[in-house]
Amino acid sequence: MLHVAKSETNDAAPMELSLESALAVISEISKVLTDPAPSRLDVTLAKVVDLLGSFVQMRHGIIFLPDSDSILDSAEGAGRNEGCDERYLRGLAQRVVDEIVTTGKPLVAENIAVHPAFSATNIGVLGASDGRRVSFIGVPIRVDANVVGTLAIDRILDDRSTFPLDFDVQLLTIVANIVGQTVKLHRLVACDRERAVPDKDQLQQQFSEPPARVRKKVHVKGIVGDSPALNTLLEELPVVAKCSLPVLLRGESGTGKERIAEAIHDLSPRANRPFIRLNCAALPETVLESELFGHEKGAFTSAINSRKGRFEVADKGTLFLDEIGEISASFQAKLLRVLQEGEFERVGSNQTIKVNVRVIAATNKNLEEAVERKEFRSDLYYRLSVIPLLVPPLRERRGDIPLLAADFLRKFNNENGRTLVFEADALECLMNCEFPGNIRELQSCVNRTAVLAQGSSITRNDFACFHGQCLSARLWRSGSDNMVLQPGPTVPGPVKTSTPPGQAATSPAVAAPPVVGYQTPLAPAGATPFTGAKVTDPERVIAAMESCGWVQAKAARLLGLTPRQIGYMLRKYGIEIKRL
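Q: Got a sec to walk through the pattern of salt bridges? Specific residues and values, please.
A: Using the criterion set out here, one finds 23 salt bridges in the structure. One salt bridge connects R259 with E262, and the closest N-O pair in it is separated by 3.9 Å. Of the two residues, R259 and E262 are both situated in helix α9 (residues 257–267); the distance of three residues between them amounts to about one turn of the helix. In this structure R259 comes out as partly exposed when scored by relative accessible area, which is 23%. Each of E258, R259, E262 and R277 takes part in a single network of salt bridges with overlapping partners.

Q: Outline α9, listing residues and values.
A: An α-helix turns once every 3.6 residues. As a result, residues three or four positions apart point the same way. Along α9, the residues classified as buried are K257, I260, A261, A263, I264 and H265. The inward-facing, buried residues of α9 abut α8 (228–241), β6 (247–250), β7 (275–279), β10 (318–322), β13 (358–363) and β14 (387–390).

Q: How would you sum up the sheet that holds β13? Please name residues and give values.
A: An order of β7-β10-β13-β6-β14 is seen for the five strands of this open sheet, with the pairing classed as parallel. For this open sheet the edge positions go to β7 and β14, each flanked by a neighbour on one side alone. This sheet shows a mean twist of 20 degrees between the axes of neighbouring strands, independent of strand direction. Inspection of the sheet shows β10 paired to β13 by four bridges, in the parallel sense. What sits directly across from L321, in β13, is A361. Packing of α8 onto the sheet brings it into contact with β6, β13 and β14, and relative to β14 it is tilted by some 160 degrees.

Q: Quick rundown of the nonpolar core? Include the residues and the values.
A: Within soluble globular proteins, side chains that are nonpolar tend to cluster in buried spots. With 31 residues, the main nonpolar core has L292, F311, L321, I324 and L335 as its most contacted residues. When residues of this core are traced back to their parent elements, those giving at least two are β7, α10 (285–293), β10, α12 (329–341), β13, α13 (367–372) and α14 (378–384). Among all residues touching L292, those that are not within four sequence positions of it are L278, G309, R310, F311, L319, L321 and F331. In terms of nonpolar packing, the next biggest core, distinct from the first, is built from 30 residues, V143, L171, V175 and V179 among them.

Q: Explain the environment of K316 to me, and be specific about the residues and the numbers.
A: By the element assignment, K316 lies in the loop between α11 (310–313) and β10. Between the alpha carbons of K316 and N356 there is a distance of 5.2 Å; along the sequence they are 40 residues apart. Apart from the residues lying within four places of it in its own chain, the contact partners of K316 are R270, R273 and N356.

Q: Quick rundown of the packing of aromatic side chains? Include the residues and the values.
A: All chains considered together, the criterion is met by six aromatic pairs. A centroid spacing of 5.9 Å and a plane angle of 20 degrees characterise the contact between F293 and F311, whose relative ring orientation is stacked. Of this pair, F293 sits in helix α10 while F311 sits in helix α11, and the two are 18 residues apart along the sequence. Here the two residues F293 and F311 agree in accessibility, since each one is buried. Cluster of aromatic residues (ring-pair linked, three or more members): F293, F311, F331 and F344.

Rules and cut-offs
- Residues numbered from 1 in each chain as written.
- Predicted model: local features only at pLDDT ≥ 70, side-chain atom pairs only at ≥ 80, totals over all residues.
- Heavy atoms only, no water.
- Salt bridge = Lys/Arg side-chain N within 4 Å of Asp/Glu carboxyl O.
- Helix = DSSP H or I, 4+ residues; strand = E, 2+ residues; numbered from the N terminus.
- Buried < 20%, exposed > 50% of the residue type's maximum accessible area, 1.4 Å probe, protein only.
- Contact = heavy atoms within 4.5 Å.
- Pairing = 2+ DSSP bridges.
- Axes fitted to C-alpha atoms, helices over the stretch in contact; angles between N-to-C directions.
- Core = buried A, V, L, I, M, F, W, Y, C linked by side-chain atoms within 4.5 Å.
- Phe/Tyr/Trp six-rings, centres within 6.5 Å; stacked < 30°, edge-to-face > 60°.

In structure tokens:
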């Protein structure tokens, strides 16, 4: 039920309601009802009642919608007496308003004291008495052919009331018709909203049980990227973080394993406790033991004071052990005891210290092969690898290269007061690089290029590889980090074909960065130098063609391509086919 009322304590001054003023009130009310700014129905109708009181001689005004879903206690004009509107509504609702809604006709009473529709109670509530006559006008509000409510006013009838009630009846009827159209529109919008928005049970089911195939993206602070390979890893982090079991991060050097370990700690219940990190490959065994377990004063020559180890400092927190595959066999046994029993002794002490530490280890070595060669204890391997997580290399998440490069460049700009940006051809150049050093190599490439860039933006011409000066390609070519690298050009250079010199300067082959593909030690025996790599290097295409006597079909099989693809490569790089 919705009712909007206006009450005034003082009798209104006499007004001559002319045709011009009637048109003015209709115009102003239409503006209120057609206001494009969204508003509740009761607020809109309250404005209508207020406007009506500015043009029509009235003491009380009311819009009463008994079947409305909206509920309003009252919305009044200025000068309202406490409790006046509620008494007014109680006096009208039982007989007068019901009669107007039932009959669908206006109800006009020049003096409510002598009108049969008003009882003695109504008369007293409306303030009529022997010396004070009160007039009443009520008209129906229609939606199509149905009466849905009432618009009514009353006023004191005295010598100042110089205009007839019939004129007000006509005006109020027009206003009631406009209000009816507004109510209709409001109900249509409400119905559409109910159809568009599911009910509460449907919403709960929708949000509590998402479809199994819909994968929720997980955003971890400090980790940049949106590739499927990275998202697969990030989805596992919140689940892994909830428990306290050891985690083994596997992946190549430079993939961000330390940042993943820190993210697991930040998402875990131990987030408010210490996160301690240690690179096991950076220290000899004797120093490593002291760093992890601590030592007592006098335990060795330089031990002038007692010192807590990393395990003790990380109590109730997380300890990240990087390069865990590099520790010696004797130290592996000492580490196994801490992981299994949660206790140790400082160097030079017999007192056992118990700790509660979650260990996250990381390695870029193949621990399975190390276990087979008896270089790594199998019992320690099983203790560390309770929850193994594979951190993908950058070549498996190429879509993240522009995001990472932009983030590195932003940090460089902030630290050095620069405003460099990447041109499209520069990002394309980065996307075509293999980056065997992964994220660390990409960061070094961006920083080096940003330092030497001459203009306000970085183009492909600013990269060292464009000029055949990429030394990291030579480093990775040498087979470092236990990689078996494939033959191919060390740095990109002009294509050795019959391409005219003028064309070579603008050829895509010149701008293409080096593709230093590589093959892990687990590659199948008999793999050729041309298989297992992304073919974007023109010299590799030429080498394959020469080894096959310039037969495209054989070269395509050698490169793992179709004849159509090899033909596209030849046209792309402008390679002239030799006729033997």
